[in-house]
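# Chains, contacts and geometry: an overview
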Amino acid sequence: MRRLRACLGAAAAVTLAAAGTTALVASSASGATTALDNRWYAAAPYLMPLDNDPPDPAAIMDATGLKAFQLAFVLAPDGGGCTPTWGGTAPVASDTAVQSVISTIRAKGGDVSVSVGGYGGTKLGQACADPASTAAAYQQVVTRYGLHAIDFDLEEPEYENSAAIRNEIGAAKILQQNNPGLYVSVTTAGTADGTGWFGKQMLLEAKAQGFTPNNFSIMPFDGGFNGAASQTGALANFNTILQSTFGWDQATAYAHEGFSGMNGRSDTGEYFTQADFQTVLDYATSHHMDRFTFWSLNRDRQCTPADNGGRTSGTCSSVAQNAWDFAKYSVKFAGVTPPTTPPTPTPTPTPTPASCKPAWSSTAVYTAGDEVSYGKHNWKAKWWTQNEAPGASQWGPWQDEGTC
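One structure accompanies this document, and this report is about it. (Residues numbered from 1 in each chain as written. Predicted model: local features only at pLDDT ≥ 70, side-chain atom pairs only at ≥ 80, totals over all residues. Heavy atoms only, no water.)

With antiparallel pairing, 3 strands are arranged side by side in an open sheet as β14-β15-β17. Only two strands of the sheet have a single neighbouring strand rather than two, namely β14 (371–374) and β17 (398–403). Each strand axis lies, on average, 30 degrees off the axis of its neighbour in the sheet, ignoring direction. Where β14 meets strand β15 (residues 377–381), 4 bridges bridge the pair, whose relative direction is antiparallel. Across the sheet, Tyr374 pairs through a bridge with His377, a residue of β15. (Pairing = 2+ DSSP bridges. Helix = DSSP H or I, 4+ residues; strand = E, 2+ residues; numbered from the N terminus. Axes fitted to C-alpha atoms, helices over the stretch in contact; angles between N-to-C directions.)

Bringing the packing of helix α8 (residues 197–209) against helix α9 (residues 228–246) into the picture now. Running from amino to carboxyl end, α8 crosses α9 at an angle of 35 degrees, the nearest separation of the two axes being 10 Å. Judged by the sense of rotation from one axis to the other, the crossing of α8 with α9 is right-handed. Contact with α8, carried on its side by Lys200, Leu203, Leu204, Ala206 and Lys207, involves Phe238, Ile241, Leu242, Thr245 and Phe246 of α9 and no other residues of that element. Grouping the constituent residues of the contact of α8 with α9 by class yields 7 nonpolar, 1 polar and 2 charged. (Left-handed = near helix turned anticlockwise from the far one by under 90°. Contact = heavy atoms within 4.5 Å. Nonpolar A, V, L, I, M, F, W, Y, C, P; charged D, E, K, R; others polar.)

Turning next to the packing of aromatic side chains. In the structure shown here, the tally under the stated rule is 22 aromatic pairs. For the ring pair Tyr159 and Phe198, a centre distance of 5.5 Å and an interplane angle of 35 degrees mean the geometry is tilted. Taken together, the residues Tyr159 in the loop between β6 (149–153) and α7 (162–178) and Phe198 in helix α8 connect sequence positions 39 residues apart. Ring geometry for Phe277 against Tyr329: centres 6.0 Å apart, planes inclined by 55 degrees, an arrangement best described as tilted. (Phe/Tyr/Trp six-rings, centres within 6.5 Å; stacked < 30°, edge-to-face > 60°.)

Below you can see the structure in the form of structure tokens.
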């Protein structure tokens, strides 16, 4: 689910790769800690730290026992170039906001992986000239945050671009070589037969480059799925694809396979409940799969009518739940029993709705930062837009700023 100049450090990356040398993950100002067990990085749910009403990771850790978070998404700059940014707008090089989130998590004994790519926006594999320059851009992220894990989310529209996928897979291989012990996951779209044509082409590219990540994960949602049975069927079919592509036996394929779900109501109106997650978790653990994650912690709470209004939301699940119900399945996958009694929450006052911004107009042109009101919510433009109604798509140009 998820934006041309040569990148800084590309020559260094080429030299390292050519020499076959390795570079240890550097320490960072954000206080890199000793790596967690890889099972935690395999269980890390996605969290958007800058968008979709980010929840407090410390509160989630206290309530569920979760230790690892998958922070999303690093992209190329919206204005062009081969340097890493958060969401296309916030340069990693000068970031303090995400670094603060990471420091909070690490101070409580947790850690993070960073996800690059996603649905929408320009990916670094599209913007950078080659695998080496793409890897150099991602190495900036690994080094700045002292990462022990990284996720390559390769999907629409990037995975339809063979050159971009060659850059991404090549970059992943270089990072794996130059950062010993780095946990690398590759996430792509799921279909009923496992993954589609472009997903299979991505696997063939990985085979051609001799690259094997810790896992290839599929996202079995937004493709006509109907509960857990359809998802486990897709996982079984994807296992067969991995076997035939890489020449693995079934057990080896499962050991390199992952699941990345969507909690609650999907973008296309499918529903995945807690019971569905339990069924898929049982399948993943019984088949010794390598990863179980979901999109997203920002959505792991119950909607109110004002939050949701009958649509898929980026800030709640659209199903009946207690806060952080779905995070507990990730904790179980990591091999830990979640707390049975959640901490007593600190009461917070009911917020007063903000005043409404000027009404959205279908004929007006809006640029990044412009604010409007629509459907009794205020909205902020993420990028240039015209005649795209706020809330029409979760991944559209408008960020929901709440009721007004």
